[in-house]
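Descriptive analysis of the structure
The residues making up each chain are set out below.
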Amino acid sequence: MFDINKSHLSFEDHDDSNVLTSSWTMDKIKRNDGTVWVMNHFFINPNSNLEEALEKEMPTALSVAQESGYPIWPLDPIVINYFEKHPEFHSIWYHQPYTK
């Protein structure tokens, strides 16, 4: 699980053979307009299924934002693309790109 009171959160997933399948981190930072979670690089093992990994891990990111009350600023294009495709993330998305 996670502790929203910490300023750095780290998440890893392993397969049944204990091989790392995905890894990602979030850092809580204070900006002039408020506190946000910066979601850093989302590492995915090349032998793993990206969509499955995202479907498994992104609910945790959503929970962190909801429980802490702070939005997420995703930096990785993989995660940005996921946020774009899933409306439940739009309300917790900090620095959401402009869309027409």
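Here the structure is shown first, and the text comes after it.
This section reports on the structure supplied with the text. (Residues numbered from 1 in each chain as written. Predicted model: local features only at pLDDT ≥ 70, side-chain atom pairs only at ≥ 80, totals over all residues. Heavy atoms only, no water.)

Attention now goes to the side chain of Asn45. Residue placement: Asn45 occurs in the loop between β4 (43-44) and α1 (50-68). When its relative accessible area of 12% is taken as the criterion, Asn45 is described as buried. A polar atom in the side chain of Asn45 sits 2.9 Å from the backbone oxygen of Leu20. Not counting the four nearest positions on each side in its chain, Asn45 is found in contact with Val19, Leu20 and Thr21. (Helix = DSSP H or I, 4+ residues; strand = E, 2+ residues; numbered from the N terminus. Buried < 20%, exposed > 50% of the residue type's maximum accessible area, 1.4 Å probe, protein only. Polar contact = N/O pair within 3.5 Å; in protein donor to acceptor, adjacent residues only side chain to side chain. Contact = heavy atoms within 4.5 Å.)

Further remarks concern the pattern of salt bridges. On inspection of all chains with the given rule, the structure shows two salt bridges. Salt-bridge contacts for Asp13 lead to Lys56; the nearest nitrogen and oxygen are separated by 2.9 Å. Placement of Asp13 in strand β1 (residues 8-14) and of Lys56 in helix α1 is noted, with a sequence separation of 43 residues between them. In this structure Asp13 comes out as buried when scored by relative accessible area, which is 16%. For the salt bridge of Arg31 with Asp33, the shortest nitrogen-to-oxygen distance reads 3.9 Å. The exposure class of Arg31 is partly exposed, given its relative accessible area of 33%. (Salt bridge = Lys/Arg side-chain N within 4 Å of Asp/Glu carboxyl O.)

Now for the environment of Thr35. Checked against the element boundaries, Thr35 lands in strand β3 (residues 34-39). Exposure remark for Thr35: the relative accessible area of 17% places this residue in the buried category. For the pair Thr35 and Glu84, spaced 49 residues apart in sequence, the C-alpha separation works out to 22 Å. If we skip the residues at most four places from it in the chain, Thr35 touches Lys28, Ile29, Lys30, Tyr70 and Pro71.

What follows covers the packing of α1 against helix α2 (residues 77-85). It is the contact of α1 with α2, at a shortest axis distance of 12 Å, that shows an interaxial angle of 70 degrees. Of the possible angle classes, the one that applies to α1 and α2 is roughly perpendicular. Every residue of α2 that contacts α1 at Leu50, Leu54, Glu55 and Met58 is listed here: Ile78, Val79, Tyr82 and Phe83. (Axes fitted to C-alpha atoms, helices over the stretch in contact; angles between N-to-C directions. Parallel < 35°, antiparallel > 145°, perpendicular 65-115°, else oblique.)

This part covers the pairing of β3. Moving residue by residue along a regular strand, the side chains alternate between the two faces of the sheet. Most of β3 is tucked away: five of the six residues are buried. Relative to β3, strand β2 (residues 20-31) runs antiparallel, the two being bridged by six bridges. Bridge pairing in β3 places Lys28 opposite Trp37. Remark: two residues form the turn of the hairpin made by β2 and β3, two consecutive strands paired antiparallel. Where β3 and strand β5 (residues 72-74) come together, three bridges link them in parallel fashion. Bridge pairing in β5 places Val38 opposite Trp73. (Pairing = 2+ DSSP bridges.)

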